[in-house]
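Summary of the model geometry
This is what each chain is made of:
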Amino acid sequence: MIHSRIAGTGSYLPERVLTNADLERMVDTSDQWIVERTGIRRRHLAAEGQSTCDLAEQAARRALEAAGVTAADIDLVIVATTTPDRVFPSTACLLQERLEIHGCPAFDVQAVCTGFVYALDVAHRFIRTGGARRALVVGAETMSRIVDWSDRSTCILFGDGAGAVVLEAADEAGILSTHLHADGSYKELLTTDGGVSEPPPEGGQPHIRMSGNEVFKIAVKTLGAIVDETLAANGLEQGVVDWLVPHQANIRIIQATARKLKLPMERVIVTIEDQGNTSAASIPLALDTAVRDGRIRRGETLLLEAFGGGFTWGSALLVY
Ligand code: ACO
């Protein structure tokens, strides 16, 4: 059987940092409220003119370097994003052109904050069935472009960034299981107020709208259930996973999932304090951070999980 494993990781955060103190000057909020309710202290924002593909390219180049391969070795490009540069071509096609690779399939996946888990699952299935040998899987976002900077309930949460992995065919298991879910009946709890064929009521860019407290409760419950589903599918007990690499939406959601896994917070990769919620970019950003600082090592078992707009949710259990 053909397996798939992560050969290298990379990430990129734009230079500009927006702190909670900066937000105090923009909306009626406080550093204390933001830290207590979310765990976020600062987030990075793309510079004017810096696009999602710009961030994706930096992360992708770093992942290629870490994997010890060149762009020419890639035969599949998938970008998970909710904030593509253009309606079309896909950000994956724009990235493919930047990397000067031509001909291989390239497409975007849109599952909001669960996007990277969805994209990893798709790449894994391509590799397992022989449709690709080496995939570039990227999560990249410029969430700042769809944030309503006058809405204190959402503008404090989001940041920009990108993360990437090279996933390649291997003889030994890397990805052990993936589980994906969605339920569109929750569409109004976490959405944008318009898009392309349904323009925003006031024109201009669409903006994020979220019933935060309701989303919070469902996220905690749903992520608990996907932990159970993932462990059961792999015949594993709680407490045996080496690292939890969660989507970074809220420190209290992450803590609840860690409790469900019976993992101490020392075994959880948390980047939310410095990055906020970067949607599809947050898991590969967290993964790359912990690989590069030496916490995550080869042979360790990782649980990746995410919950986001749709609702969508998913997990990937893998041996790094
Ligand atoms: N500063 C100060 N007060 C605030 C702020 C703020 N930035 N935002 C809201 N408040 C107030 C509210 O107005 C409310 O005041 P009231 O009691 O007078 O009405 C009070 O704080 C409590 O508001 P809640 O919304 O109940 O606060 P909660 O504890 O739920 O925290 C938060 C809000 C942080 C948004 C939380 O609900 C959350 O993290 N939700 C889940 C987000 C998530 O997981 N999203 C999924 C991924 S995102 C994606 O897919 C795009």
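First things first, this report covers the structure right here in the doc. (Residues numbered from 1 in each chain as written. Predicted model: local features only at pLDDT ≥ 70, side-chain atom pairs only at ≥ 80, totals over all residues. Heavy atoms only, no water.)

Looking at the nonpolar core
Within the largest apolar cluster, 36 residues are counted, with the highest numbers of intra-cluster contacts made by Leu120, Val245, Ile296, Leu302 and Leu304. Ranked by the residues each element gives to this core, the list is headed by helix α5 (residues 115-128), at seven residues. Ignoring sequence-local partners within four residues, the contact set of Leu120 consists of Val137, Val165, Leu167, Ile175, Leu304, Ala316 and Leu318. Core analysis: the next-biggest nonpolar cluster, separate from the first, contains 28 residues, Ala7, Ala63, Ala92 and Ala162 among them. (Core = buried A, V, L, I, M, F, W, Y, C linked by side-chain atoms within 4.5 Å. Buried < 20%, exposed > 50% of the residue type's maximum accessible area, 1.4 Å probe, protein only. Helix = DSSP H or I, 4+ residues; strand = E, 2+ residues; numbered from the N terminus. Contact = heavy atoms within 4.5 Å.)

Details of the site of the ligand
In the neighbourhood of the ligand, 26 residues make up the surrounding shell, with Thr29, Arg37, Cys113, Asn213 and Asn250 lying closest. Interatomic distance of 2.8 Å between a side-chain N/O atom of Asn213 and an oxygen atom of the ligand. At a separation of 2.9 Å, an oxygen atom of the ligand approaches a polar backbone atom of Gly309. Protein contact buries 75% of the 1,000 Å² of open area that the ligand shows by itself. Put simply, the parts of the chain that give the shell around the ligand at least two residues each are α2 (31-38), α6 (152-155), α7 (212-233), α8 (251-261) and β12 (301-308). Counting residues per element, the shell around the ligand draws most heavily on α7, at four residues. Here the shell around the ligand is composed, by residue class, of 12 nonpolar, 10 polar and four charged. (Near = heavy atom within 4 Å. Polar contact = N/O pair within 3.5 Å; in protein donor to acceptor, adjacent residues only side chain to side chain. Areas by Shrake-Rupley, 256 points an atom, 1.4 Å probe, with all protein chains shown as cover. Nonpolar A, V, L, I, M, F, W, Y, C, P; charged D, E, K, R; others polar.)

Some remarks on the sheet that holds strand β4 (residues 76-80)
Taken in spatial order, the five strands of this open sheet run β1-β7-β6-β4-β5, and their pairing is mixed. Of all the strands in the sheet, just β1 (3-12) and β5 (106-109) have a single pairing partner and so form its edges. Mean inter-strand twist for the sheet, computed between neighbouring axes without regard to direction, equals 20°. Pairing analysis gives nine bridges linking strand β6 (residues 134-142) to strand β7 (residues 160-170), with the strands arranged antiparallel. Within β7, the position partnered with Leu136 by the bridge is Val166. Sheet strands touched by helix α3 (residues 52-67): β1, β6 and β7. Its angle to β1, the strand with the most contacts, is close to 125°. (Pairing = 2+ DSSP bridges. Axes fitted to C-alpha atoms, helices over the stretch in contact; angles between N-to-C directions.)

Description of unusual backbone geometry
Looking along the chain, the bond that leaves Phe88 and enters Pro89 is cis, with omega of -5°. With respect to the helices and strands, Pro89 occurs in the loop between β4 and α4 (91-98). Following Gly310, the chain continues to Phe311 via a peptide bond in cis, the omega torsion being -10°. Position of Phe311 relative to the elements: it lies in the loop between β12 and β13 (312-319). If you check the backbone angles, Glu100 has positive phi at about 60° while not being a glycine.

Re the environment of Asp160
Turning to its location among the elements, Asp160 is positioned in strand β7. You can call Asp160 buried: its relative accessible area is 0%. Taking the C-alpha atoms as reference points, Asp160 and Arg145, 15 residues apart in sequence, are found 9.2 Å from one another. Not counting residues up to four positions away in its chain, the partners in contact with Asp160 are Leu13, Pro14, His44, Leu45, Ala46, Leu55, Glu141, Thr142, Met143, Ser144 and Thr278. Reaching out from Asp160, the side chain makes a polar contact with the backbone nitrogen of Ala46 at a distance of 2.7 Å. Within polar-contact distance, the side chain of Asp160 engages the side chain of Ser144 at 2.6 Å.

A word on the packing of α3 against α4
The contact between α3 and α4 brings their axes to 10 Å, and the two run at 55°. Relative to α4, the element α3 lies oblique. Our pair here, α3 against α4, has a crossing hand that is right-handed. Side by side, α3 and α4 meet where Thr52, Cys53, Asp54, Ala56, Glu57, Ala60 and Arg61 of the first sit next to Thr91, Leu94, Leu95 and Arg98 of the second. For the contact of α3 with α4, the residue count by class is five nonpolar, two polar and four charged. (Parallel < 35°, antiparallel > 145°, perpendicular 65-115°, else oblique. Left-handed = near helix turned anticlockwise from the far one by under 90°.)

Things to note about the sheet that holds strand β11 (residues 243-246)
Taken together, the four strands give an open sheet; going across it, the order is β8-β13-β12-β11, and neighbouring strands pair in mixed fashion. A strand with exactly one partner marks an edge of an open sheet, and here the two such strands are β8 (175-182) and β11. On average, each strand axis in the sheet is tilted by 10° relative to the strand beside it, whichever way the strands run. By the bridge criterion, seven bridges tie β8 to β13 in an arrangement that is antiparallel. Bridge pairing in β13 places Ser177 opposite Leu317. Packed on one face of the sheet, α5 meets β8, β12 and β13 and runs near 130° to β8. Here α7 sits on the sheet and contacts β8, β12 and β13; the angle it forms with β12, its principal contact strand, is near 145°.

Considering a nonpolar patch on the surface
Together, Val87, Phe88 and Val196 make up a nonpolar patch on the protein surface, roughly 390 Å² of accessible area in all. By the element assignment, Val87 lies in the loop between β4 and α4. (Patch = residues over 30% accessible without salt bridge, like charges linked within 9 Å, V, L, I, M, F, W, Y side chains within 5 Å. Salt bridge = Lys/Arg side-chain N within 4 Å of Asp/Glu carboxyl O.)

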